[in-house]
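One letter stands for each residue in the lines below.
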Amino acid sequence: MDPMDIVGKSKEDASLPKATMTKIIKEMLPPDVRVARDAQDLLIECCVEFINLVSSESNEVCNKEDRRTIAPEHVLKALQVLGFGEYIEEVYAAYEQHKYETMQDTQRSVKCNSGAQMTEEEAAAEQQRMFAEARARMNGGGPVPQPEHPETEQPETDQRNLQS
């Protein structure tokens, strides 16, 4: 394959993270097996080449269906066409697992973001409380006591000065 075959990018631009790939390689082997650097580099190049091959075939499958976006079914069909049909079941299971995990992450994210939102007044009161705490710490004092009801918060006065 010519280095410029990858849509205007040089071969060096199309690579996989070396640390991640090394971790994957080591996880697949028994602990007592060592892999030479050259062998790791060769495996990484093979992975890049495999991705290019499957991507290209997926694009052809997609184009034959007059589609402009490669869908998972195009990738599965490409694997079949390229002679990797025996892996389709495993690949599909991994894809389903990925979809499930992504959905779980999205639901967790929505729950975190849809928590009780502050009103503008509550946010301003909280901001003022935080500023007061910061000023107290900067001036060598301890933390400022928390008011029980921020809506009725009055400007702080030093009660010791009033009693003298």
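Counting of residues starts from 1 at the beginning of each chain's written sequence and follows it residue by residue. Selection of residues for local features in this predicted model requires a pLDDT of at least 70, selection of side-chain atom pairs for listing and counting requires 80 or more, and totals for whole chains, interfaces and linings are taken over all residues. For the side-chain quantities, the full set of heavy atoms in the structure was used; hydrogens and water were omitted.

## Let's talk about the overall build of the chain
Helix and strand assignments follow DSSP, with helices taken as H or I runs no shorter than four residues and strands as E runs no shorter than two, numbered in order from the N terminus. Secondary structure summary: the chain contains 6 helices and 0 strands in total. When the helices and strands of the chain are placed in sequence order, the string is α-α-α-α-α-α. Remark: exposure states derive from per-residue accessible area (1.4 Å probe, protein chains only) relative to the maximum for the residue type, with buried under 20%, exposed over 50%, and partly exposed in between. Put simply, the chain has 164 residues, and 15% of those count as buried. Looking at the chain alone, contacts between residues at least 24 apart form 32% of all its contacts between residues at least 6 apart. It only takes one pair of heavy atoms within 4.5 Å for two residues to be counted as in contact.

## What to know about helix α5 (residues 120-138)
Helix length check: α5, at 19 residues, gives a terminal C-alpha distance of 27 Å against a target of 27 Å (1.5 Å per residue), a fit within 8%. One or two residues past the end of α5 sits G140, with phi positive at roughly 85 degrees. How far a helix is expected to stretch is found by multiplying one less than its residue total by 1.5 Å.

## Brief notes about a nonpolar patch on the surface
A cluster of nonpolar side chains, I24, M28, L29 and V33, forms an exposed patch at the surface whose accessible area comes to about 360 Å². Tracing the chain through its elements places V33 in the loop between α1 (18-27) and α2 (37-64). Within the patch definition used here, like charges are joined within 9 Å and nonpolar side chains (Val, Leu, Ile, Met, Phe, Trp, Tyr) within 5 Å, considering only residues with over 30% relative accessible area and no salt bridge. The Shrake-Rupley method, run with a 1.4 Å probe sphere, supplies the accessible areas, and residue values consider only the shown protein chains as cover. Any carboxyl oxygen of Asp or Glu that lies within 4 Å of a side-chain nitrogen of Lys or Arg is treated as forming a salt bridge with it.

## A few points about the side chain of E133
The topology assignment puts E133 in helix α5. Here a polar contact is recorded for every N or O atom pair within 3.5 Å, except that within protein the pair must consist of a potential hydrogen donor and a potential acceptor, and residues adjacent in sequence are included only if both atoms are side-chain atoms. At 2.4 Å, the side chain of E133 forms a polar contact with the side chain of R129.

## Quick word on unusual backbone geometry
One non-glycine residue, D66, lies in the positive phi region at around 55 degrees. By the secondary structure assignment, D66 is in the loop between α2 and α3 (72-81).

## A look at the pattern of salt bridges
Scanning all chains against the criterion turns up 4 salt bridges. Residue K18 is joined to D41 by a salt bridge in which the shortest nitrogen-to-oxygen separation is 3.0 Å. Of this pair, K18 sits in helix α1 while D41 sits in helix α2, and the two are 23 residues apart along the sequence. On the basis of relative accessible area, K18 is assigned to the partly exposed category, the value being 44%. Residue E96 pairs with K99 through a salt bridge whose shortest N-O separation is 3.4 Å.

## Describing α2
Look at α2: 41 Å from first C-alpha to last across 28 residues, which is about the 40 Å you get at 1.5 Å a residue. Listed as buried for α2 are Q40, I44, V48, N52, V54, E57, S58, V61 and C62. A positive backbone phi angle near 55 degrees is found at D66, which sits one or two residues after α2.

## What about the state of the cysteines?
By definition, a disulfide links the sulfur atoms of two cysteine residues through a covalent bond. Only a pair of cysteine sulfur atoms within 2.5 Å counts as a disulfide in this structure description. Summed over the entire model, instances satisfying the criterion amount to 0 disulfides. Not part of a disulfide, C47 finds its nearest cysteine sulfur in C46, a span of 7.0 Å.

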